[in-house]
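# What the coordinates show
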Amino acid sequence: MGARPRRRRAPAAAAAAAAPGPLGALLAAALLAAAGAQQSATVANPVSGASPDLLPHFQLEPEDVYIVKNKAVSLACRATPATQIYFKCNGEWVHQGDHITQHSTDRGTGLPVMEVRIEVTRQQVEKIFGLEEYWCQCVAWSSSGTTKSQKAFVRIAYLRKNFEQEPTAREVSIEQGIVLPCRPPEGIPPAEVEWLRNEELVDPALDANVYVTPEHSLVLRQARLADTANYTCVAKNIVARRRSASAAITVYVNGGWSTWTQWSGCSTSCGRGWQKRSRTCTNPTPLNGGAFCEGQNVQKTACTTLCPVDGAWSEWSKWSVCGAECTHWRSRECSEPAPRNGGRDCHGPELDTRNCTSELCSHAAPGAEDVALYVGLVAVAVCLVLLLLVGVLVYCRKKGGLDADVADSSILTAGFQPVSIKPSKADNPSLLTIQPDLGTATMTYQGSLCPRQDGPAKLQLPNGHLLSPLGAGRHTLHHSSPAAEGADFVARLSTQSYFRSLPRGTTNMAYGTFNFLGGRLMIPNTGISLLIPPDAIPRGKIYEIYLTLHKQEEVRLPLAGCQTLLSPIVSCGPPGVLLTRPAILTMGHCVEASTENWSIRLKKQSCEGTWEDVLQLGAEPCTELYYCQLEAQACYIFTEQLGRFALVGESLSMAASKRLKLVLFAPAACPSLEYNIRVYCLSDTQDVLKEVIQLEKQLGGQLIGAPRVLHFKDSYHNLRLSIHDMPSSLWKSKLLASYQEIPFYHIWSGLQPFLHCTFTLERLSPSTCELACKIWVWQVEGDGQSFTVNFNIAKDTRFSDWLVPDSEVGAPALVGPSAFKIPFLIRQKIISSLDPPGTRGADWRTLAQKLNLDSHLSFFASKPSPTTMILNLWEARHFPNGNLSQLAAAVAEVGKQDGALFAVSEAEC
C-alpha cells in the first residue's frame, strides 16, 4: 500500500503532536478530529509557498509478521520529510516510550528522514485474540500534513500435530491410476506440502507421471513397478514440520498365459492315443502378489492314428491245365489283407509256372485237347451253379427262421403296441435274445392286419407308411410263451436291476449293473439321469455303473474372469468303461442361452484332477467323443467316455443373465415373539432346490410363497432385499438398514449354492398370528421380483404342494426294456427303415425335422446310425412321461413320403 498524502495541519495541531509523551499524541489526535470538517478545504488550499512534495513519503512500511512461539516481532517504518512518526495498533496509539527513533538526512534531496521501530509481544496479540486480528499502522507528520502507512497484521504462528487426512496403503494393478490423498494439519501460516518416496523427495518437475493436486493429493497417472514404495506426506510452515504415517503402495502384476504351443504328436503310432499342448504363465509373470493364471496349462485331446497294414498273399490258386508247352501255372493276390495306410507290399512272385510232365511232354492231337478243355469248363460251371443254389437255400432257411419268430409285424401300425413272439425253432434256439412285453396274455387294438394268403413274397402296407389308417374292425393278438431257456435268459438280464446302495451320499447317487440291453440311472428330484442305450455296452460284458451329484463345496472347479458355473457337477463312471455308442447324461442348467451373450463350454475333469474344455457349444466339436443338446431348462450330453462333467459359461456382454430361483421359508411353529423369514437366492436347477428343501425340513421350516425366477445380469451390481408394508401395530422389523445386500460375485460365480438373507421380525403380542408384508428382491439397475406375504403363521400350509416329495416313482436304476418307452423291435424296425437314404428324403433327416432336431443333423450324420441317436435323444428327453403317440405321428409322416419304406414280408404277417 503506497503512502497517502494528508492535509496540512494547523500549527496548534503540529505543536500538540510535537508534545512529548502520550499526552501530546492524544492532544494531536483530538485536534485532528476537531479539524476533520475542514480537511478538504485545507488540502485544497495549502499554505502559500508549500509544495505537495513536502508531505511525508514512506520509504519503508510495516509488513505482516508471525509470532513464533514467544519471540516478539519488530515493526518498522521510515518516511521523509517527517517531523514525527508514531505507530497506531488496533486504533490505539502506541506509547512514545515504546518507539525506537532514528533521524538521518537523505543525501540526494537533503530532506530529513525519520525511522521508527516498535516490538509486539505474544501477550499483546493474545489480549484481543478471537475478537479481531491484531494490526499496526504508521502515521507520519510534516509541516505540510500527515500520511498513513499500510496496515501490518501480527499473527501467532502454529501448526497442529494431526493430519486431517493421511494417505493409506493400497495394492494396485500395473498401469492403474493411483491417488494418495493428504490434508495437512491446520496452521498459520498454512502449511506447505511435499511428498517423500522412500524418504526421497518426489519432484513432479522431474517425473511426468507424477503431479500434486491443489488439494495436496499425490497422483500417479499409471502405476509402474518402480512406484512400489512407502509414501509419506510432509507438512511444514515457519513453526514446525509434520510427517504423516507412511502408506505402502504395492504395484502387482497379474499373470497372463503365453500362447499355446503346437499340438504334440499322437502318443501312439497305431490306434487311439492322446496329444497335448501347453502354455506358461509368463505373459506376464505374476509379481508382487499378483494373481496366478486361471485355467489349465496343459490341454489334452484324443487322437487316432491309422495303423499301417502290411500286405499278405492269398492262397495259391489251383494249378492250371497242362498247356501245349508242357507247363502249367498258378497265381495268388496280395489281398489278405491288401496293404494300406503305408503298409508294406507283399514280397515274392505273383505267378508260379512249372513243367507239368517232368520235361517228357507228349503233344496230344488238337481235337482231343479242345474236347478236354470244354469238358473241364462245363464241369466248373455246373459246380458254380450248385454252390449258388446251396447258398440261396441256406439264406432262405435263415430268413425263414427269423421271420417265424415274429408272429405279427402289423404292430407297427398299431401305435407301438407290444410284440408277440412264437416259440423259436428247435434248430435255432439262440434267436431269442430279448423278451417282449408279456404282462398280459391278450391285447386288443384297432388296425388292419396282413392276411395270410398266397401271393408275392412282399406285401405293402396300405398307404405305404408305418402307421396305417386304422380299420374299422377290432383284432385280438394272442401271445405264445417263449422257450424256457430264453425266458430264463431274459429274466436274468432284464428284470433284475442289480442296484446297490453305497454307504455315502445315497440321496445323491444311483448305482446299477448293466449289459448290452442298456438301461437308465436317475437321481430322484434332481433332473439328473444317465441313459445307456441298447448295444452301448458290448455283448458279453456286464458293467457296474454309477451316477453321482457332487456338492459344490467338495469339488474345486476353478473359474476365471467372467466364468460362472451353470449346472450341477455330476460324475458318471467308472471312467474306464468302453462304450460302443454314446451314453446321454441329462442335467439342468440356469443359463438364458444366447450366442451373442454367452460362450458356454462343457468341462470334464481329467484323471490328473485338472478341468479341461472338451466342447464349446455352438462351435464345431473338436472331437466326436462329446456333443451337447442345450434346451431351455436342461442339457443332454452325448459322451462315449464317462467321467465328471460341468457346464461353465463365460459372459460376452453385460446382457448375459442367469436364472435365480427365489424361495421364501419361515418356521412352521413360532413359540417365541421372534419370527424369521429366510429368502433363498438359488441357481435355478432342481438339485439345488432339493438340497434347500431337505435343509429346511431339518430346520423345521415351511414354504410361505410360490417360488419366483429372477434374471440376474452380468452387470457387476449386487442383489438387494428389503421388507415393506408391515403393520407397525402388530409387527416390527429388527433390520437396522433399509435393505440387505448379497455381493455380485457371490451370486455370479455359482459356487455358493445356498445364499440367503434372513429378515428377523418381532410380534408385539403373542396372540398375533396374521402376517402381511411385501418382500422385494432386485438387482441394482436390473430385474426384480416382489413377494406379497399374507398368511397365518400358526396354521397356513397352502404352499406345501410346491415341496418336492422325498422320492420319485420308480427305481433309481432301470435295466433293459423297462428303461425305454419305445419297444425294442419297433425301435429296430424304425432304425433299419430310416437309416438308409430315402428316395424322396423319407429318412432320418425328415424324422429329425419333425422332432425339431434338424439343428443337429451334422452330429447325427457323423454316427453309424443317425436314427439311433435321434431315438436315444427322444428317450432321454421324454422319460418317463413321453407321449409315444406324438413320436408315432412323426414316424407316420415320414412313411407317407415313401410308399415302399415300410414293406412287410409275408413271414412278418
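Scroll up for the structure.
Structural notes, computed from the coordinates. (Residues numbered from 1 in each chain as written. Predicted model: local features only at pLDDT ≥ 70, side-chain atom pairs only at ≥ 80, totals over all residues. Heavy atoms only, no water.)

### Here's the deal with the sheet that holds strand β12 (residues 178-180)
The following threshold applies: Pairing between strands is defined by DSSP: at least two bridges between the two strands are required. Helix and strand definitions here come from DSSP, where helices need a minimum of 4 consecutive H or I residues and strands a minimum of 2 consecutive E residues; each element is numbered from the N-terminal end. Axis definition: a line fit to C-alpha positions, over the contact stretch in the case of helices; interaxial angles, taken between N-to-C directions, run 0 to 180 degrees.
If you trace the 3 strands from one edge of the open sheet to the other, you get β12-β17-β16, paired in antiparallel fashion. At either margin of the open sheet sits one strand with a lone partner, and together these are β12 and β16 (210-212). Recorded for the sheet is a direction-independent mean angle of 15 degrees between the axes of neighbouring strands. Note that β12 and strand β17 (residues 218-220) share 3 bridges and pair antiparallel. Opposite Val179, over in β17, you have Val219 as the bridge partner.

### Considerations on the state of the cysteines
Cut-off, in case you're wondering: Cysteine sulfur atoms that come within 2.5 Å of each other are treated as a disulfide pair. Only protein chains enter the accessibility calculation, which uses a 1.4 Å probe; a residue whose area is less than 20% of its type maximum is buried, one above 50% is exposed, and one in between is partly exposed.
Going through the model one piece at a time under the given rule, you end up with 8 disulfides. Put simply, Cys182 and Cys233 are joined by a disulfide, and their sulfur atoms are 1.9 Å apart. Looking down the S-S bond of the Cys182 and Cys233 bridge, the torsion is -75 degrees, so its handedness is left-handed. Highlighted residues: Cys182 in the loop between β12 and β13 (187-188) and Cys233 in strand β18 (residues 229-236), separated in sequence by 51 residues. Across the pair, Cys233 and Cys182 agree in class, each one buried. Bridging Cys334 to Cys346, the disulfide has an S-S length of 1.9 Å. Across the S-S bond linking Cys334 and Cys346, the dihedral sits near 80 degrees, which makes this disulfide right-handed.

### Concerning helix α7 (residues 686-699)
This is how the line gets drawn: Here the expected length of a helix is defined as 1.5 Å per residue gap, with one fewer gap than residues.
Between the first and last C-alpha of α7 there are 20 Å, a value that for 14 residues agrees with the 20 Å anticipated at 1.5 Å per step. Every buried residue of α7 is accounted for by Asp687, Val688, Leu689, Lys690, Glu691, Val692, Ile693 and Glu696. Immediately downstream of α7, the backbone of Gly700 shows phi near 80 degrees, a positive value.

### A short note on the environment of Pro753
Where we set the bar: Residue contacts are defined here by distance: any two heavy atoms, one from each residue, within 4.5 Å place the two residues in contact.
Mapped onto the fold, Pro753 is located in the loop between α8 (744-748) and β47 (755-763). On a C-alpha basis, the gap between Pro753 and Leu689 in space is 9.4 Å, while along the polypeptide they are 64 residues apart. Non-local contacts of Pro753, meaning those with residues more than four positions away in its chain, are made with Gln552, Cys681, Leu682 and Val688.

### A closer look at a negative patch on the surface
The following threshold applies: Patches draw on residues past 30% relative accessible area with no salt bridge. Two like charges within 9 Å are joined, as are two nonpolar side chains (Val, Leu, Ile, Met, Phe, Trp, Tyr) within 5 Å. Using the Shrake-Rupley algorithm and a 1.4 Å probe, accessible areas are obtained, with residue cover drawn only from the displayed protein chains. Here a salt bridge means any side-chain nitrogen of Lys or Arg lying within 4 Å of a carboxyl oxygen belonging to Asp or Glu. The charged-residue count follows a simple rule in which Lys and Arg add positive charge and Asp and Glu add negative charge, with His and chain termini not counted at all. In this description, the location of a charge corresponds to atom NZ of lysine, CZ of arginine, CG of aspartate or CD of glutamate.
The grouping of Glu315, Glu333, Glu336 and Glu350 at the surface amounts to a negative patch. With respect to the element layout, Glu315 can be found in the loop between β22 (298-305) and β23 (327-331).

### Topic: the nonpolar core
Formally: Only buried Ala, Val, Leu, Ile, Met, Phe, Trp, Tyr and Cys residues count toward a nonpolar core, and they belong to the same one when joined by side-chain atoms within 4.5 Å.
The biggest cluster of nonpolar side chains holds 72 residues, and the ones touching the most others in it are Leu771 and Ile775. With residues up to four places along the chain from it excluded, the contact list for Leu771 reads Tyr675, Ile677, Trp731, Leu761, Val789, Asn790, Phe791 and Ile793. Counting 35 residues, the second largest nonpolar core, distinct from the first, contains Tyr627, Met869, Ala876 and Leu884.

### Description of the pairing of strand β29 (residues 519-523)
Burial analysis of β29 places 5 of its 5 residues in the buried class, which makes it a mostly covered element. Burial along β29 is two-sided: the residues Gly519, Leu521 and Ile523 and Arg520 and Met522 are all buried. The turn joining β29 and strand β30 (residues 528-532), which pair antiparallel and follow one another in sequence, is formed by 4 residues; a positive phi near 65 degrees is taken by Asn525. The pairing of β29 with strand β50 (residues 813-815) spans 3 bridges and is classified as antiparallel. When the bridges of β50 are listed, Gly519 appears paired with Val815.

### Description of the packing of helix α9 (residues 824-834) against helix α12 (residues 866-878)
Let me state the cut-off plainly: Each angle is binned into one of four classes, with values under 35 degrees roughly parallel, values over 145 roughly antiparallel, values of 65 to 115 roughly perpendicular, and all other values oblique. When the near helix sits turned anticlockwise from the far one by under a right angle, the crossing is termed left-handed; a clockwise turn instead gives a right-handed crossing. Charged residues are taken to be Asp, Glu, Lys and Arg, nonpolar residues to be Ala, Val, Leu, Ile, Met, Phe, Trp, Tyr, Cys and Pro, and polar residues to be all remaining types, Gly included.
The contact between α9 and α12 brings their axes to 8 Å, and the two run at 140 degrees. The angle between the axes of α9 and α12 places the two elements in the oblique class. Where α9 crosses over α12, the two elements pack in a sense that is right-handed. Every residue of α12 that contacts α9 at Arg827, Ile830, Ile831 and Leu834 is listed here: Thr867, Thr868, Leu871 and Asn872. Considered class by class, the residues forming the contact of α9 with α12 number 4 nonpolar, 3 polar and 1 charged.

### Focus: the sheet that holds strand β34 (residues 583-588)
One key point about sheets: their strands pair by backbone hydrogen bonds, in either a parallel or an antiparallel sense. With antiparallel pairing, 6 strands are arranged side by side in an open sheet as β37-β38-β34-β30-β29-β50. Pairing within the sheet leaves two strands with one partner each, and these edge strands are β37 (626-630) and β50. Strand-to-strand twist in this sheet, taken as the mean axis angle between neighbours without regard to direction, amounts to 15 degrees. Bridging between β29 and β30 involves 5 bridges; their strand directions are antiparallel. If you follow Gly519 over to β30, its bridge partner there is Ile532.

### A look at unusual backbone geometry
Put simply, Asn283 and Pro284 share a cis peptide bond, and its omega is 0 degrees. Structurally, Pro284 can be placed in the loop between β21 (271-278) and β22. Here the residue pair Glu336 and Pro337 is connected by a cis peptide bond, since its omega of -5 degrees sits within 30 degrees of zero. Within the secondary structure layout, Pro337 lies in the loop between β23 and β24 (351-355). Non-glycine residue Lys69 carries a positive phi angle of around 55 degrees. The residue Lys69 is located in the loop between β2 (65-68) and β3 (73-80) in this model. Accessibility expressed as a relative area gives 58% for Lys69, which makes it exposed. A positive phi angle, close to 75 degrees, is found at His216, a residue other than glycine. As for its placement among the helices and strands, His216 is situated in the loop between β16 and β17.

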